Structure formats: C-alpha cells, structure tokens
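# Survey of secondary and tertiary structure
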There are 2 protein chains.
Amino acid sequence: MLEAAGPRLTALITQTEDRLTTVSSGHGAELTAHAHSTLEAGGKRLRPILVCLCAAPGDGPPVVSAAVAVELLHMATLVHDDVLDRAALRRGHPTVYAQAGRRAATATGDFLFSRAFAELAAESNPHSVAVLSEASSALARGELMQRADAWRAVSQERYLERCRLKTARLFEAACRLGAISGGRPDAADALGAFGAGIGLAFQLLDDVLDIEGPPERTGKPRGTDLLDGTVTLPLILAAQWDPALDITAGRSGADAVAFTCDRVAATGALAEVRRRALGFVSEAKGCLADLDLGGGESRALELVADGVVARYA
Amino acid sequence: MLEAAGPRLTALITQTEDRLTTVSSGHGAELTAHAHSTLEAGGKRLRPILVCLCAAPGDGPPVVSAAVAVELLHMATLVHDDVLDRAALRRGHPTVYAQAGRRAATATGDFLFSRAFAELAAESNPHSVAVLSEASSALARGELMQRADAWRAVSQERYLERCRLKTARLFEAACRLGAISGGRPDAADALGAFGAGIGLAFQLLDDVLDIEGPPERTGKPRGTDLLDGTVTLPLILAAQWDPALDITAGRSGADAVAFTCDRVAATGALAEVRRRALGFVSEAKGCLADLDLGGGESRALELVADGVVARYA
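Residue indices begin from 1 for each chain and proceed along its sequence in written order. Just so you know, chain letters begin at A and ligand numbers begin at 1, following the order they were written in. Given that this is a predicted model, residues contribute local features only at a pLDDT of at least 70 and side-chain atom pairs are listed and counted only at 80 or more, while totals for whole chains, interfaces and linings are drawn from all residues.

What follows covers the overall build of chain A. For chain A, the helix and strand inventory stands at 14 helices and two strands. As defined in this context, the radius of gyration uses C-alpha atoms, and a globule is described by 2.2 Å times the residue total to the power 0.38. In terms of C-alpha radius of gyration, chain A reaches 19 Å, essentially the compact-globule figure of 20 Å for 313 residues. The C-alpha extent of chain A, read off along each of the three principal axes, is 60 × 50 × 30 Å. Partly exposed residues are those falling between the two cut-offs: more than 12 but fewer than 20 other C-beta atoms within 10 Å of their own, whereas 20 or more means buried and 12 or fewer means exposed, with C-beta atoms placed from the backbone. Across the 313 residues of chain A, 53% fall into the buried class. The helix count covers DSSP runs of H or I at least four residues long, the strand count covers runs of E at least two residues long, and both are numbered beginning at the N terminus.

Below, the structure written as structure tokens:
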C-alpha cells in the first residue's frame, strides 16, 4: 500500500516514525521505556498514512507533526484501553499495564496524550489543536456512550453515532489535519468526510471480526464485545431476525458467548454488516470525486480505503 | 483572599466558573453529568486564581480561557487519581469512579483533558498550548517517578524533583499562562518561578498533613502515602534521625502505619518540612520583587502564597 503511493509517502512516514521515537524520549527513563514499548508494538500507522496522503506535496514538517500527533493520541487511547481491559498483550507484545501496572500505564497514556498536543503546538497552528481536541473529546464521549449502553438493545442509529464518536472522528481528524497542515485547507471538509466514512467502515468490520474470529487470525477470543456488554451492529441485526437471541450472553460465560457468536453468524448478520461497511467505503470514495487532488493521490487514498476492507476480506 | 484582591479578580473568577460549567456541557448526557459532578465538588480554584492574578488588567477572555484550561487539566488528573485510588469520595462528594465505574471515570478524565486544550486552542495562542502540554507531560512523568520510587528510600533531591514535576509545574504553568495571555509576556519567567515555589510548598505541606492528620481535618486517614509506598520528605528526614523507622510500614497494616506516623512526628521531621516549605514561599515572594506589577497585584499574589501556608497552619 505504502509503496504504491510513491516515495513521497514513504519519506513522510519514515520521518513520522523517527519523530515518534524522538518525542517519546527525554522525559525520564521510565516514560521513555514505556512509550517506546508502546511504539515498538507497531500497528499499521493507518492514521498517519491518512494525514500524509491528504497533504499537498511540499510542506513537510507541519504534516509530519500532524501525523505524529494523531498517532500519539491513538496510542494514548490504546494504553488506557489496555488498563481498562487488564490486557496482558497487544499485537503480541506485553502491554505497559502488564509490565508496569495500572498507575504507570495510566500516566503513560496521559503523557502520550500531552505529547500529541505539544507536537501540534510546536507547529503554531491553533486550528489544528482545535481539530485534535474535538476528536479527542469525541473519543471520550463515545466510550462513555458505550458504557451507558452496555447490556442493552440499542437502535442502529445510536450504534452508528457511537462508532462515529469512538472511531470515525479520529480518522476524520487525521484527514482534516493533513489538509490543514499540508496546504489544502479548502479540501478539509471533503477529505474529513472521506476519513469519517472509512473510519465507520473500519469499526463495523472490527465488530464483524469480533464475532467471526477465528482467534488465530484476530489474536483475541471471539465475542470480547459480548463479554463486556457492548452490543454491536451484528448483534442488533441478528436479534431482529432471531428474537430468541440473548444479547446478554456475556454474563453466562464462555460457552454461551461461543454459542451466541455462532447463532449471530447463522442469521446472515455478519454478511449484512460487511455489505454496509462496503457502502460506507464507497461513499467515502465519492467524497474524493469533486476534489482536484491529482490522479496519483486520489488513487492512493482509494487504495487505503480498499486496504481497510481487505484487512477483513 | 478573593475579596482582598478586589472586584477585578472576583469578576474573572466568576467568568471562569461560568465557563467551566459551559465547556463541560453539550457533549452528551453522561459526560455532562460526570463533568458537572466533578466541577460541583468545588475546590479552592487556586490555580485559576493564580492565572488571573498574574495577568495585567485588561484582556478578559484569553485570561479566563487560560484559567479554565488549567483547572480542567487539574480536574482531569483528580478524576484519574480517584480511579487509581478507588476513591469513593472527594471533598465529601461521591467521585465519578464511585458513581459510574472506572471506564466512565477514565473517559471523563480524558474528556476534561481534551477540553483543556480545546479551550486554549480557541484563543489562538500556540505558545499557551505548549506551556500546558509541557506541564501535563511533567505531571505524568512525576507520577511515573513516584511509582518507580515506591517503597524505596530516595534522596531529598529526587523527592524534590518529583514534587516539581507532579505539583509545582502546573502552578508554574498557571502563572506563566496568566502572564502570556494577560499581556505580561516579559514577566512570564519570574511569575512562573513564583508559581513553582508556592507549588513546591503546597506539596511539602500536603505531605506533612498526610502524616500529621488529624483525619477530621484532612478528610482522609493518616498515612495514605505510607500505604501506597510513597516515601515523602517527612519520612526521609525521620528515617535519617531514627534509623529503626520502617519506611515500608504500609505493608504491615493500619496499626503499623499509625505507629510510624507518630514516630515520624516524634523526630521533629514535620516541623522541619514545614520550615522548608515556608522557605520556598519566601523565595517565591522574592521572585515578585523585581517585577513592576503594581502594589495591589503584588500584594494579592503574596496573599495567595500566604494562603497556601495558612491552610496548613
């Protein structure tokens, strides 16, 4: 995916990685160790890639700062999530929580959060700070909404609103920040809508995978959402088609969860959610149509959109 | 304290309170409820008072934004601390953690954190964002240092460095932000040093109180630092003067903690730490000497400095 978008993207992402290593150093031995282990666990760097692809060729440093800021914010939420989930591993690496406990991991998350804003502040664009802080507020609101909805049947509209807040807003922010810091402020709305669409697709497909597995592929047991009472779209649809389905199966242990996952799959709900995710990807690509990005860049963004789906195909 | 500093301060603090209520609303029912309950638990608003007193008369809105941002960041750390301490009450009010659980409370803290930066971004001063994010990074670093030092004898220097990071840097940031947003950029360093000094005194006196009690006055049992392995200056000094003193008494239960608190007091360490705190207050006041703030404002800042001590007298 990276190679297809050409040497410019490769160069920006390399600078982003270097800068991520630098900004997480120099704040004491403990923080450096924890931040580095979070960084080294890697990830797809999907959000920084979006930042870089939404920027016009030219302005390097502000674009790299925006890419770094978005990834730092994303990492901060992962570190806090691992504390809340008491997770031992992430992407096969021991989590900060597992290595250093919940206090150190909470502080590490707060630190990464702070560095995200410090990074944007250094580029002197208050508008960028506003975009990131709004996205970050949305993440927190989505998490709270998910808690408030736990164990309850929710409407599809409410589910989608939660996905927008919890996931799509940061994808949207990545694209907006790329446009703003990369000399394309007029394209910020359209690119933001593109980002929101693929973020939504990303979350829907993640929710499909949680039910579908298999664990060898996803790296986690099936039905983790069921276990903490998070009612996702596959479950919402399946419960409409199979009214005896127990959306609170997570309270009855692993066997009930496995049984419910199979039963959701049997309704055809997973295929339907996948179909809707593809719809969001298509709409997202539509947002690019009216922009004059140049063929190569438009194509690269479409490749990222397809990549989000392909991950789950 | 407020009244003595005159109607201008009272007006700014009233605007700060109003704005704190506004910024914590409009992000969904759950967040509004949690953020409001945190706000309503009150507090002395010491940091916003410092912001307002360090600003020159005139520029209202940027000063209020800075005051709001500093208080939001402070509140965010309190909400996260309550999760980590599994605290049921803060200032006599049920904590967000107690009311809504650790997920909701962690998200509420992240939200307050985000709003702090959003507030500064709205005032379009990237330098302010940098000051706040550096202070916030320092807080996280201080917390991690405290974890790394737990149950261990540390040097006085290391203890003071921890206090600087964990507490004094946000007091310093409050004064700097007041100066920057309030039309006194040239006084930012001196006012920052003033803030750092009283922040340090604040932490030292807090550590005295933790050992001294009494619980009816502090609202918490004696020796909470001992219980989680935090070795503070009273303990460091007492252990030098009474080598049999057990700095890990927190591992042996409530009776051992009470015994150790009494034993620390018997060494005279509490009086010595109080004396050093007064020294930091005096140095802080010295930072004001070369500034041409106008007698009323200088006097008001000195009153705040005295107020920090008086709280513990």
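From this point on, the discussion continues.
Now for the relation of the copies chain A and chain B. The transform that puts chain A on chain B rotates by 180° and translates by 0.0 Å along the axis, for an RMSD of 0.0 Å. Such values leave the two copies arranged in the relation of a two-fold axis. Taking the C-alpha atom as reference, chain A places P126 of chain A closest to the rotation axis, 2.9 Å from it. Contact between residues is assigned whenever the C-beta positions, reconstructed from backbone atoms, fall within 7 Å. Looking at the interface residues of chain A, 100% of them are also at the interface in chain B, so both copies use one shared face. For the least-squares superposition of copies, only C-alpha atoms count, and only for residues with pLDDT at least 70 in both.

Attention now goes to the interface of chain A and chain B. Across the boundary between the two partners, chain A contributes 35 residues, which contact 37 residues of chain B. Listed by contribution, the elements that provide at least two residues to the side of chain A that touches chain B are α2 (29-40), α4 (60-84), α5 (96-122) and α6 (126-148) of chain A.

Further remarks concern unusual backbone geometry. Glycine aside, residues mostly have negative phi, and peptide bonds are mostly found in the trans state. The omega torsion across G213 of chain A and P214 of chain A is -5°, close enough to zero to call that bond cis. Along the polypeptide, P214 of chain A turns up in the loop between α8 (188-212) and α9 (215-218). Positive phi, close to 55°, is recorded for R45 of chain B, a residue that is not glycine. According to the C-beta neighbour criterion, R45 of chain B is partly exposed, with 19 such atoms within 10 Å. One non-glycine residue, R91 of chain B, lies in the positive phi region at around 50°. Looking at the element boundaries, R91 of chain B is found in the loop between β1 (89-90) and β2 (93-94). Exposure remark for R91 of chain B: the 12 C-beta atoms within 10 Å place this residue in the exposed category.

The next point concerns the confidence of the model for chain A. All names here are of chain A. Known as pLDDT, the predictor's confidence for each residue is given on a scale from 0 to 100. Considering every residue of chain A, the mean pLDDT works out to 90; 97% of them sit at 70 or more. Ranking the elements of chain A by mean pLDDT puts α9 last with 80 and helix α7 (residues 156-181) first with 97. Scoring the predicted complex yields pTM 0.93 and, for the interface, ipTM 0.90.

Residue and element names in this part refer to chain B. One can describe the packing of helix α4 (residues 60-85) onto helix α6 (residues 126-148) by two numbers: an axis separation of 11 Å at closest approach and a directional angle of 20°. If you check the angle between α4 and α6, you find them roughly parallel. Here α4 runs over α6; the crossing is right-handed. Along its contact with α4, which presents A66, A69, L73 and T77, the element α6 presents S128, L132, S136 and L139. Each residue gets one label: Ala, Val, Leu, Ile, Met, Phe, Trp, Tyr, Cys and Pro are nonpolar, Asp, Glu, Lys and Arg are charged, and the others, such as Gly, are polar. Classifying every residue of the contact of α4 with α6 gives five nonpolar, three polar and no charged. Axis geometry follows a simple rule: fit a line to the C-alpha atoms, using only the stretch in contact for helices, then measure angles between N-to-C directions, giving values from 0 to 180 degrees. Roughly parallel means an angle under 35 degrees; roughly antiparallel means over 145; roughly perpendicular covers 65 to 115; every other angle is labelled oblique. Crossing handedness: left-handed means the near helix sits turned counterclockwise from the far one by under a right angle, and right-handed means the same turn made clockwise.

Of note, R19 of chain B is situated in helix α1 (residues 7-23). Every residue in contact with R19 of chain B, bar those within four places of it in the chain, is listed here: V64 and V68 of chain B.

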